[in-house]
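Below are the chains, spelled out letter by letter.
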Amino acid sequence: MQQDWINALFGGGIIGISVSLMLLLNGRVTGISGIVNGILSPLKGDTAWRVLFVAGLFFGGLILKVLRPTTFDGVLATDTWTLISAGLLVGFGTVMGSGCTSGHGVCGISRLSLRSLAATIIFIVAGIAAVCFFKKIGILI
Amino acid sequence: MKNSLVALSVGFLFAIGLGLSGMTEPQKVVGFLDLFGSWDPSLIFVMIGAILVHFLVFKFTKKLNKPLLDTKWHLPTKKEITPALVIGSTLFGIGWGLGGYCPGPALTSLASFEIRPLIFVVSMIAGMYLFRLFDKKFKLQK
């Protein structure tokens, strides 16, 4: 348990360093949903960096898969339709709400944006309510 | 060119941070949101760690006229808490609890070559397109 907290703090610190590099060097917010959404409606000269960012995430994932194989454990046992619904909600909701855990939760809060603080509180509370509800009706175990 | 290499490196480092912190394990994410069950609070430290670092760097960058490798800042300027922000964040939160993935960890988990992250990411992109269709009709102020 204590090890989990240390890993979380350490991993969080690395996330903080990475989004700080993006800000300091490129002057941008590292909001994953926004970066992906920008690829879907490509603007000239504003697409390559987005694709490379996602490629970077994938390469990071590959290194983790090789060096730390437990990284992708803990998969949920829900059925495929539940997973599809979750994906649809996350895609729709993050574009409608202009951000996700990274853009609002990390970057926005660090910039003391009230809008991002509100979004973060809302999605965490909605997540808590959803887990409570879906456990009660037996969709989540 | 330089900016693209920065983006690639930032993506790489970000994924490593996500993996080490536990964010790529859906059961752990659901455990974090399971406040009224067997709550696992450890993931709150991911946000604390990331915000501590980024808050300090952001304060420093406010002293700069422009970023080191670009001609201007590209930061969000909106301040209003709009209905779209509230409803969108609610829908996202529900999906996050239901699937245990937010966008970054889902994309990183594609590298596991398992089918579930792939199904999630394809659905997430479909959801982004669905919002476009919806927005074309209702023209929301995001």
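Residues numbered from 1 in each chain as written. Chains lettered and ligands numbered in written order. Predicted model: local features only at pLDDT ≥ 70, side-chain atom pairs only at ≥ 80, totals over all residues. Heavy atoms only, no water.

Novice: Just checking my understanding: could you explain the packing of aromatic side chains for this structure?
Specialist: Two aromatic rings, taken as a pair, are described by how far apart their centres are and by the angle between their planes. Per the counting criterion, the structure on display carries 13 aromatic pairs over all chains. Each ring, one from A:F58 and one from B:F113, has its centre 6.0 Å from the other, and the planes form 90°; the classification is edge-to-face. Separated into two different chains, A:F58 in helix 3 (residues 48–67) and B:F113 in the loop between helix 5 (103–109) and helix 6 (115–138) make up a pair that spans both. You can call A:F58 partly exposed: its relative accessible area is 26%. Clustering of aromatic rings is evident, with ring pairs tying together A:F92, B:F131, B:F134 and B:F138. (Phe/Tyr/Trp six-rings, centres within 6.5 Å; stacked < 30°, edge-to-face > 60°. Helix = DSSP H or I, 4+ residues; strand = E, 2+ residues; numbered from the N terminus. Buried < 20%, exposed > 50% of the residue type's maximum accessible area, 1.4 Å probe, protein only.)

Novice: What's the story with the nonpolar core in this structure? I'm lost.
Specialist: Taken as a class, soluble globular proteins show a tendency for nonpolar side chains to be buried jointly. Counting 60 residues, the largest nonpolar core has A:I32, A:F53, B:W96 and B:F120 as the members making the most contacts within it. In contact with A:I32, other than residues within four places in its own chain, are A:F53, A:L57, A:C100, A:S102, B:F14, B:P103, B:G104 and B:L107. (Core = buried A, V, L, I, M, F, W, Y, C linked by side-chain atoms within 4.5 Å. Contact = heavy atoms within 4.5 Å.)

Novice: Help me understand the interface of chain B and chain A in this model?
Specialist: Accessible area lost upon the coming together of the parts serves often as the stated size of an interface. Taken together, the contact between chain B and chain A spans 103 residues of the former and 107 residues of the latter. Summed over both partners, the interface of chain B with chain A comes to about 9,700 Å²; 77% of that surface belongs to carbon and sulfur atoms. Taken as a group, B:H54, B:L98 and B:R116 account for 8% of the area that chain B buries against chain A, more than any other trio of residues on that side. Across the contact surface, chain B and chain A share two salt bridges. In this structure, B:K28 and A:D4 form a salt bridge, with 2.9 Å as the shortest nitrogen-oxygen distance. At the level of secondary structure, the elements contributing two or more residues to the side of chain B that touches chain A comprise helix 1 (2–21), helix 2 (26–33), helix 3 (44–61), helix 4 (83–99), helix 5 and helix 6 of chain B. Examining the composition of the side of chain B that touches chain A, we find that 17 residues originate from one element, helix 1 of chain B, more than from any other. (Buried area = accessible area lost by both parts, 1.4 Å probe. Salt bridge = Lys/Arg side-chain N within 4 Å of Asp/Glu carboxyl O.)

Novice: Would you take a moment to explain the packing of helix 4 (residues 80–96) of chain A against helix 4 of chain B for this structure?
Specialist: Relative orientation and spacing of two packed helices are given, respectively, by the angle between their axes and the distance between those axes. Direction vectors running N to C along helix 4 of chain A and helix 4 of chain B enclose 155°, while the axes themselves pass 7 Å from each other. It follows that helix 4 of chain A is roughly antiparallel to helix 4 of chain B by the angle criterion. The two elements helix 4 of chain A and helix 4 of chain B meet at a crossing, and its hand is left-handed. Between helix 4 of chain A and helix 4 of chain B, the residues in contact are A:T82, A:S85, A:A86, A:L89, A:V90, A:F92, A:G93, A:T94 and A:M96 and B:A84, B:L85, B:I87, B:G88, B:S89, B:L91, B:F92, B:I94, B:G95, B:W96, B:L98 and B:G99, respectively. (Axes fitted to C-alpha atoms, helices over the stretch in contact; angles between N-to-C directions. Parallel < 35°, antiparallel > 145°, perpendicular 65-115°, else oblique. Left-handed = near helix turned anticlockwise from the far one by under 90°.)

Novice: Honestly, the environment of A:G34 in this entry has me stumped. Any pointers?
Specialist: Residue and element names in this part refer to chain A. By the element assignment, G34 lies in helix 2 (residues 32–40). Residue G34 is classed as partly exposed on the basis of its relative accessible area of 41%. For the pair formed by G34 and S98, sequence separation is 64 residues and the distance between their alpha carbons is 7.1 Å.

Such coordinate-based values are descriptive only and should not be taken to indicate function.
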